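Analysis of the macromolecular model
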Amino acid sequence: MTVAHAIEADVLRRQDPQLADILLAELDRQSTTLQLIAAENFTSPAVLAALGSPLANKYAEGYPGARYHGGCELADVAERLAVERAKLLFGAEHANVQSHSGSSAVLAAYAALLRPGDTVLALGLPYGGHLTHGSPANFSGRWFDFVGYGVDAETGLIDYDQVRTLARNHRPKAVVCGSIAYPRHIDYAHFRDIADEVGAYLIADAAHPMGLVAGGAAPSPVPYADVVCATTHKVLRGPRGGMILCGADLAERVDRAVFPFTQGGAQMHTIAAKAVAFGEAATPAFTAYAHQVVANARTLAAGLAAEGLVVTTGGTDTHLITADPAPLGVDGRDARGRLAAAGIVLDCCVLPHGDDRGLRMGTAAVTTQGMGEEEMVWLAALLAGVLRGERESQKAREEVRELTGRFPPYPG
Ligand SMILES: Cc1ncc(COP(=O)(O)O)c(C=O)c1O
């Protein structure tokens, strides 16, 4: 059954045609425009099926074998399966798969290791740190004393010497590595060394690269970090949600920080969908996918650079690219609008030199659709043509529609 059929055939169409129309229109939007938002992907129909399963009805506070509710026998089996698959996939001693989101996972990691008022060293928000890395608008910035490290203004690369100097000066209780926009591999061993020197915990917020880690296309933080937080969506291609990996020594603290400290009942349908995604990510097909994601991103980055955009760090090691379109005569905000009109959906971002004028994009979704390097070369030229005003947006929109028609995210 295709995704569209599921909505059509379901009682939803008869009972609530208004909402069914919204969902089908969204499916059409996703299928006929190019999804270059770095945090997005297309989950498989199997993951969607688990999300829409009867486990959505089940209350299951607690952990397998120790629930506060009755009737959890099958929920326990599903959660144990998800946990075992996550541990195997990432080589972790312990996995908690209950976090509702990436932010919830980070909150639980802080709750497990820190006390309010503790000092934490993390990538500053202007350089690609996440809200949970010390934004004053977020719990992290209110409850902890964050010190931000940066990236080199010229190269865009993490300045590990600066991280070490800040760690020595501020003696943080935890060092956080991970970003929403850093396109290069993170040197986890280097971070471990810095954290060890000052007696700090190392928390890896690997929300973005964790799918690449699963597919063997990026280095793993698991051997180095005390706690690894991640999302199960993005490149990992599972349902929207979070997870935490750690050693056996911190397992109990992490579990208690998730439930009952920061969350109530586990979302069992999402946990079932996480199990499906971990199973998919353990296949050779996913390994090939993860490597293709990176190959596509590298080709797209090279194409954009050849067209005159300034690609941060000169390229990428991952699925993620940030670039300054200014040499084409347009800033990030205008560029996003023009590209949206052409059916190319991506984000603005802050660039290392501190101006809110960059573009952030990723290749996870288009690679799931089956696109390869040939399509990335074409896409770089189309994107630059639209930004220069050489390609009329309606014409570009038609070309995008033709391309996506050849690579439907949900064939059939
Ligand atoms: C590094 C990092 N941490 C945390 C998050 C938060 O994830 P969520 O949106 O699921 O809360 C993100 C999301 O993009 C992220 O990139």
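Residues numbered from 1 in each chain as written. Predicted model: local features only at pLDDT ≥ 70, side-chain atom pairs only at ≥ 80, totals over all residues. Heavy atoms only, no water.

1. Points about the UniProt feature "site: Plays an important role in substrate specificity" (unreviewed entry) in the protein chain
Selection criterion: UniProt positions are given in the numbering used here, feature names are shortened, and annotations may be inferred rather than shown by experiment. In DSSP terms, a helix is any run of H or I states spanning at least four residues, a strand is any run of E spanning at least two, and both are numbered starting from the N terminus. Throughout, a residue-residue contact means that at least one pair of heavy atoms, one from each residue, lies within 4.5 Å.
Following the UniProt record, one finds the feature "site: Plays an important role in substrate specificity" (unreviewed entry) at His233. Relative to the helices and strands, His233 is located in the loop between strand E9 (227-231) and strand E10 (242-246). Each residue touching His233, except ones within four places of it in the same chain, is listed here: Ala39, Gly238, Pro239, Arg240 and Gly241.

2. Notes on the side chain of Lys274
The condition is simple: Note on classification: 1.4 Å probe, protein chains only; a residue is buried when its accessible area is under 20% of the maximum for its type, exposed when over 50%, partly exposed between these limits. For the charge count, each Lys or Arg is scored as positive and each Asp or Glu as negative, with His and the chain ends excluded. Within this document, salt bridges are pairs made up of a side-chain nitrogen of Lys or Arg and a carboxyl oxygen of Asp or Glu, the two lying within 4 Å of each other.
Here Lys274 lies in helix H12 (residues 268-281). Here Lys274 occupies a buried position and makes no salt bridge, while the nearest side chain of opposite charge, Glu79, is found at 8.8 Å. With residues near it in sequence (within four places) discarded, Lys274 still touches Val97, Gln98, Ser99, Thr232, Pro239, Gly241 and Gly242.

3. Some points on empty space enclosed by the protein
Filter applied, for reference: Cavities and pockets are found on a 1 Å grid laid over the protein atoms alone: a cavity is a set of points where a 1.4 Å probe fits but cannot escape, a pocket is an open set with protein on both sides within 12 Å along at least five of seven lines, and a lining residue has an atom within 4 Å of such a point. Grid points are joined across faces, edges and corners, and a volume is the space filled by probe spheres set on the points. Residues are grouped as follows: Ala, Val, Leu, Ile, Met, Phe, Trp, Tyr, Cys and Pro are nonpolar; Asp, Glu, Lys and Arg are charged; all remaining types, including Gly, are polar. The source of the domain bounds is an automatic or database domain assignment.
This model, assessed by the stated rule, comprises four cavities of 30 Å³ or more. Considered as a void within the structure, the largest cavity measures approximately 140 Å³ in volume. As for the largest cavity, its lining consists of 15 residues, and the residues nearest its centre are Tyr182, Arg184, Ile186, Pro209 and Thr318. Looking at the lining of the largest cavity residue by residue, the class counts come to seven nonpolar, six polar and two charged. Within this model, the second largest cavity holds a volume of roughly 90 Å³. In terms of lining residues, the second largest cavity is bounded by Tyr127, Val151, Gly156, Ser179, Ala181, Tyr182, Pro183, Thr312, Thr322, Val350, Leu351 and Pro352. Of the residues assigned to the lining of the second largest cavity, the class counts are eight nonpolar, four polar and no charged. Split by domain, the residues of the lining of the second largest cavity number at least three in each of domain 1 (54-281) and domain 2 (284-406).

4. Focus on the site of the ligand
For clarity, the threshold we go by: Nearness is judged by heavy atoms alone; a residue qualifies as near a molecule or strand once a single heavy atom is within 4 Å of it. Whenever two N or O atoms come within 3.5 Å, that pair is a polar contact, provided that in protein one can donate a hydrogen and the other can accept it, and provided that, for residues adjacent in sequence, both atoms are side-chain atoms. The Shrake-Rupley method, run with a 1.4 Å probe sphere, supplies the accessible areas, and residue values consider only the shown protein chains as cover.
The full set of residues close to the ligand is Ser101, Gly102, Ser103, His130, Ser179, Ile180, Asp205, Ala207, His208, Thr231, His233 and Lys234. Interatomic distance of 3.4 Å between a side-chain N/O atom of Ser101 and an oxygen atom of the ligand. For the ligand, a nitrogen atom lies 2.6 Å from a polar atom in the side chain of Asp205. For the ligand, whose free accessible area comes to 390 Å², the fraction covered by protein is 86%.

5. Concerning the sheet that holds strand E7 (residues 174-177)
Two orientations exist for strands paired in a sheet by backbone hydrogen bonds: parallel and antiparallel. Defined as follows: At least two bridges found by DSSP between two strands is the condition for calling them paired. Only C-alpha atoms enter the line fits that serve as axes; for helices the fit covers just the stretch in contact. Angles between N-to-C directions range over 0 to 180 degrees.
As summarised here, the arrangement of the seven strands in space is E4-E10-E9-E8-E7-E5-E6, forming an open sheet in which the pairing is mixed. Looking along the sheet, the strands with just one partner apiece sit at the ends: strand E4 (94-96) and strand E6 (145-149). Averaged over all neighbouring strand pairs, the angle between strand axes comes to 20 degrees, with direction disregarded.

6. Quick look at the domain arrangement of the protein chain
Which entries qualify depends on this criterion: As a working definition, buried area equals the accessible area (1.4 Å probe) given up by two parts on being put together, with both sides summed.
Parsing the protein chain into structural domains produces domain 1 (54-281) and domain 2 (284-406). Every contact between the two is made by 24 residues of domain 1 and, on the other side, 23 residues of domain 2. Contact between domain 1 and domain 2 buries roughly 2100 Å² in total, counting both sides, with carbon and sulfur atoms accounting for 61%. If you sort the residues of domain 1 by the area they bury against domain 2, Pro183, Arg184 and Arg237 come out on top, with a joint share of 30%. Remark: the boundary between domain 1 and domain 2 carries eleven residue pairs in polar contact (both at pLDDT 80 or more). Among the elements of the structure, helix H10 (210-214) and H12 are those that each provide at least two residues to the side of domain 1 that touches domain 2. Considering every element that reaches the side of domain 1 that touches domain 2, the biggest residue donor is H10, with three residues.

7. Focus: helix H11 (residues 251-262)
What counts, and what does not: Expected span of a helix: the number of residues minus one, times 1.5 Å. The arc in question is the one spanned by the directions pointing from the helix axis to the C-beta atoms.
With twelve residues, H11 extends 16 Å from end C-alpha to end C-alpha; this agrees with the ideal 16 Å at 1.5 Å per step. Among the residues of H11, those classed as buried are Ala251, Val254, Asp255, Ala257, Val258 and Phe259. Considered in projection along H11, the buried side chains sweep an arc of 155 degrees and stay on one side of the axis. Those residues of H11 that are exposed and aimed more than 90 degrees away from the buried face are Glu252, Arg256 and Phe261. On its buried face, H11 is in contact with strand E2 (62-63), E4, helix H6 (102-113), E9 and E10.

8. Some points on the sheet that holds strand E11 (residues 310-311)
Reading across the sheet, the four strands line up as E11-E12-E15-E14 and stay open at both edges, with antiparallel pairing between neighbours. In this open sheet, the two strands that pair with only one neighbour each are E11 and strand E14 (347-349). Here E11 runs beside strand E12 (residues 320-324); their pairing, made up of two bridges, is antiparallel. Each bridged residue has a counterpart across the sheet, and for Val311 the counterpart in E12 is Ala323. Helix H13 (residues 284-306) rests against E11, E12 and strand E15 (358-362) of the sheet, and its axis sits at about 10 degrees to E12.

9. Re the UniProt feature "binding site: (6S)-5,6,7,8-tetrahydrofolate" (unreviewed entry) in the protein chain
UniProt tags Leu125, Gly129, His130 and Leu131 as "binding site: (6S)-5,6,7,8-tetrahydrofolate" (unreviewed entry). When only the residues just named are considered, the second largest pocket is lined by His130. Turning to its location among the elements, Leu125 is positioned in the loop between strand E5 (119-123) and helix H7 (139-143). When residues no more than four places from it in sequence are discounted, the contact partners of Leu125 are His130, Leu131, His133, Gly134 and Ser135. You can see Gly129 is positioned in the loop between E5 and H7.

10. A closer look at the packing of helix H5 (residues 73-90) against H12
The angle between the axes and the distance between the axes are what describe a pair of packed helices. Heads up, the condition is: By convention, the crossing between two helices is left-handed when the near helix turns anticlockwise from the far helix through less than a right angle, and right-handed when the turn is clockwise.
Two elements in contact, H5 and H12, have axes whose closest approach is 8 Å; the angle formed by their N-to-C orientations is 35 degrees. At the point where H5 passes H12, the crossing takes the left-handed sense. On H12, the residues that touch Ala75, Ala78, Glu79, Ala82, Arg85, Ala86 and Leu89 of H5 are Met268, Ile271, Ala275, Val276, Phe278, Gly279 and Ala281. Looking at the contact of H5 with H12, its residues break down into eleven nonpolar, one polar and two charged.

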